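Residue-level structure breakdown
Here's the letter readout for the chains.
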Amino acid sequence: MSCKLTVKAMQKVFMLVLLGVGLTPLPASTLQQLSLDDMIRLSTVIVHGKAQQTVTGFRGSILYTHYQVQVSETLKGAAGSQLDMVVPGGAANQLQQIFAGAPSLLPGQDYVLFLWTSKSGLTQVIGLSQGLFVVTTNAAGQQIIIRAAAAERMVNAAGQPVTDSDIQMSLSDLRARIQKTLGGGK
Amino acid sequence: MKRRALVRAAAAVLSLSCLAASASAYYFYVSFNTRSGPYNAIVKKFDLNTLTNKTVPFFISDQSPVGTVAGDSYQAIVSEIRAAADVWNSVSSSQLRLGYGGLFSAGTPETAPGIDVVFSDDIPPGIVALGGPSTWNGFGFDANGNTFIPIVRSTLVLHHDFSLIRTEQRASYSELFFVTLVHEFGHTLGLQHTLTSSVMATQVTSASSRATPLATDDIAAISLLYPADGYLGSVGSISGRVTMNGNGVNLASVVAIPTAGSAISTLTNPDGTYQINGVPPGYYYVYAHPLPPMLSGESSPDNIVPPKDSNGNPIQANYTAFATQFYNGQGGGTRDWQQVQQPLFVSAANVTAGINFNVSARTAPAFPYVRTYGYTSTNVPVTTAPLTLGMQSVSLVAYGLLQQNNTLTPGLGVDTLGGVATITDIKPYSPPYSALYLSWRSFSASAGPKHLLFSTPNDLYVLPSGFTAVSNPPPSISSVVPTFDSNGNREVAIYGSGFQSDTRIFFDGQAAAIDSVQADGSWLVRPPAGPGGYSASVVALNSDGQSSLFLQPTAPTFTYDQAATPSVTVIPSFIPPTGDTVVDITGVNTNFTSATTIGFGTSDAVVKKLTVLSPTHISAVVAASNAWVPTSGISLTTGLRIISQAVGNQITATDSQ
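These notes cover the structure that comes with them. Just so it is clear, the model here is predicted, and its values are computed rather than measured. Throughout this document, residue positions are counted from 1 along each chain, in the order its sequence is written. Ligands are numbered from 1 and chains lettered from A, in the order in which they are written. With pLDDT at 70 or above as the cut-off, local features in this predicted model cover only qualifying residues; side-chain atom pairs require 80 or more to be listed or tallied, and sums for whole chains, interfaces and linings still use all residues. Heavy atoms throughout the structure, all of them, feed into the side-chain values; hydrogens and water do not.

Points about the pattern of salt bridges
Just to be clear on terms, a salt bridge is a Lys or Arg side-chain nitrogen sitting within 4 Å of an Asp or Glu carboxyl oxygen. Enumeration according to the criterion identifies 12 salt bridges over all chains in this entry. With a shortest N-O distance of 2.9 Å, A:Arg177 and A:Asp37 are connected by a salt bridge. Residue A:Arg177 is located in helix H3 (residues 171–181), and its partner A:Asp37 is located in helix H2 (residues 36–42); the two are separated by 140 residues in the primary sequence. Across the pair B:Arg526 and B:Asp515 runs a salt bridge, and its minimum N-O distance is 2.9 Å. A helix here means a DSSP run of H or I that spans at least four residues, while a strand means a run of E at least two residues long, and both kinds are numbered starting from the N terminus.

If you want it as structure tokens, here you go:
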């Protein structure tokens, strides 16, 4: 097989591979990587605010840790000044349930949260931890959103260090991106 | 002589006790009852003493999923879940068994340990499945006197709406769906993620396949948690310490890897000490590497739950990154496996101690993750590609090795552990694809998993099971033809290629009995029992890890003959919560076999014995606890046929698809 033919064949194959890798499940409890635009489209609401852990309780077989989010800005959808969201797993009445990859939100921390509400009314961060962004202020006084946890240690599913706007961007750019992705509406 | 024998016996006992009380080995959900060394891990696991026949029952929600691919069914999904559980039952060195306890209804109260498999509408997009254990605050003691935290219940959560799962993983017979089930069951049993390309590896590097889902690391993990008699004396250990500037490194990964076979690993304790247990006797290279950086969406590196101290606080890794190194008898190690003068020999029931690493800090690993794909003759991408021995030129596609401008990482070197193949070409793909081809030739390897090494001048990345050397092409099914045997019983002729003497044929996850091989090469099989008119997907699996799905991602189907709807009557209508009760089940149009299972959908009613008296008559001995509330009813499963209804009523098959 010549090298040229190999490359051609591989290009065809590569499109299939790309389909696979673009959606390659991330580790954890098994995750499927969502792009920023995916998260914008699939989220029920996107809010900016602070979260405070409240109670932990079962729904069926799953223990959920509840957080009350004080909403300072709604970027997509309809949310009041506060909303209840949950994270799978937690501890209650001497019982602990673990789901690897479930995020833990810190009190007082400023977040942008891509949230999804199920048919039964349970609101969660989209993609376990994927829809959780920390809001910080840069040296120029601009609000920046960073995927939660140490952004400098993050890579994407292809193993590349992530420094692009999918993970770190200004809050104003996110507002514009949401507008654009949703076609001008919220 | 006598004294010498005594000394030998004492040494053997010491070695065994070292194994039994060892802190590390694999990496479980770990707590420590101390804030300083020595560290003895307290792990989470099921208490075998509380389980009937050391079997943890699992129950599957009776809420049938929606949005499945065309031709898929609830029966098929239940069957694949049962098959995934059976993967863990196949480990003979583990005492723990998983037993199918039937279908359950939401809200069924349960007190005894078990695993619930639920189809939930509450899983957000971006999650395929979740699995994890629940524990009470409190401790138990295993047969070796080790403290552990008993798992009281575990949950495996799947989407109720399968259309929210990506296409490649949506079919219940697919490679990815099945491997995900096996992985999540591992979590429910107390296993965490690992970094050795096993089924408990994250999917970024998992080399697991439907045909050969478990690797050495997985087998060691479940066997160390629930060791069968004699297991601990049949395997060895490697121990040592990982330090950086004289300080112990917490949560470094230490891996033992043979040139032929799969790897086994553990993570270090907070003081840098480690012990890899469950190592099959043989020769191993040993290397230490850092946890990878978090992928976007992870809540911790590799989503590994860090150990907890005596106050319940997590003890995080105390480093950013360090250079990976092989052990070569000197503290500084080496990045070149060829500089390792002699691989370590590990013998049964002994600890090979003093395997220490002095690692150097880095700001980031050169390669956080590398993912490889190959492609089949029908252009299906396959992870940990099967590469046929003796081929002169084959290619892999590897991710994670390019710089952001799509150029090769400077100084990139690619090698195989043991020199089993040589690289002939490395080509980066054109943007926007950030991958490269690796072309290989001159295989000198035996069949099995082979390990790739990616080096830079200052670092090394080892990808265990980066590809699989195979001797034959994958199986392929060209047609599935119904026929009859000489007695008029239904048989199915499977036509295709690549069938080997060890090929197995599955109908929606249930194995078919192989009757004979015909002169034209087709195989005559007896399909598992199925409902009338039911359509099952047919898959062939070879023991070298290859599947007919490698060539045909959409499986061919077989449609069962139309059949009368079965019904059963169960006597008595209520099982008293005292002692054992004999339950008599008579059926009409049923086909009970030795493979028939009965479940009450709750761990509070256990089938202790089941006797098939005829295809229409079963007798079962059932023990129910005081807590049992007969809300779930009874379900009888034979092959792909599920009969489910409330106890005490006439029961009719749920043959709907």
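What follows picks up the thread again.
Structural notes on the pairing of strand S12 (residues 264–267) of chain B
Residue and element names in this part refer to chain B. Across the two faces of S12 the burial is the same, with Ile264 and Thr266 and Ser265 and Leu267 all buried. A pair of strands is labelled paired if DSSP reports no fewer than 2 bridges between them. Summarising the sheet, strand S11 (residues 253–257) and S12 pair through four bridges and their orientation is antiparallel. In the sheet register, Val254 faces S12, and the bridge partner there is Thr266. Linking S11 to S12, which pair antiparallel, is a turn of six residues; within it Gly261 sits at a positive phi near 125°. Exposed residues in this analysis have more than 50% of their type's maximum accessible area, buried residues have under 20%, and partly exposed residues fall in between, with area computed by a 1.4 Å probe over protein chains only.

Description of the sheet that holds strand S40 (residues 597–599) of chain B
All names here are of chain B. Taken in spatial order, the three strands line up as S40-S43-S44 in an open sheet, and their pairing is antiparallel. The two strands at the open ends of the sheet, each matched to only one other strand, are S40 and strand S44 (641–645). This sheet shows a mean twist of 15° between the axes of neighbouring strands, independent of strand direction. As paired strands, S40 and strand S43 (residues 634–638) are joined by three bridges and run antiparallel to one another. Where helices are involved, their axes are fitted lines through C-alpha atoms of the stretch in contact, as for all axes, and angles between N-to-C directions lie from 0 to 180°.

Describing unusual backbone geometry
Following B:Gly37, the chain continues to B:Pro38 via a peptide bond in cis, the omega torsion being 0°. The topology assignment puts B:Pro38 in the loop between strand S1 (30–31) and strand S2 (42–45). The omega angle of the peptide bond from B:Ile571 to B:Pro572 is 5°, so this bond is cis rather than trans. Tracing the backbone shows B:Pro572 in the loop between strand S38 (567–571) and strand S39 (580–588). Despite not being glycine, A:Asn93 shows a phi value in the positive range, around 50°.

Regarding the pairing of strand S3 (residues 55–61) of chain B
Residue and element names in this part refer to chain B. Judged by how many residues are buried, S3 sits mostly within the fold: six of seven residues are covered. Pairing analysis gives six bridges linking S3 to strand S4 (residues 97–104), with the strands arranged parallel. Among the inter-strand pairings, Phe58 is bridged to a residue of S4, identified as Tyr100. In this view, the connection linking S3 to its parallel neighbour S4 by way of helix H2 (residues 74–89) has right-handed handedness. Where S3 and strand S5 (residues 115–120) come together, three bridges link them in parallel fashion. When the bridges of S5 are listed, Phe59 appears paired with Asp116. Place the viewer so that the strands point away; then a crossover is right-handed whenever the path from the first strand over the helix to the second strand goes clockwise.

So yeah, pure geometry; function would need other evidence.
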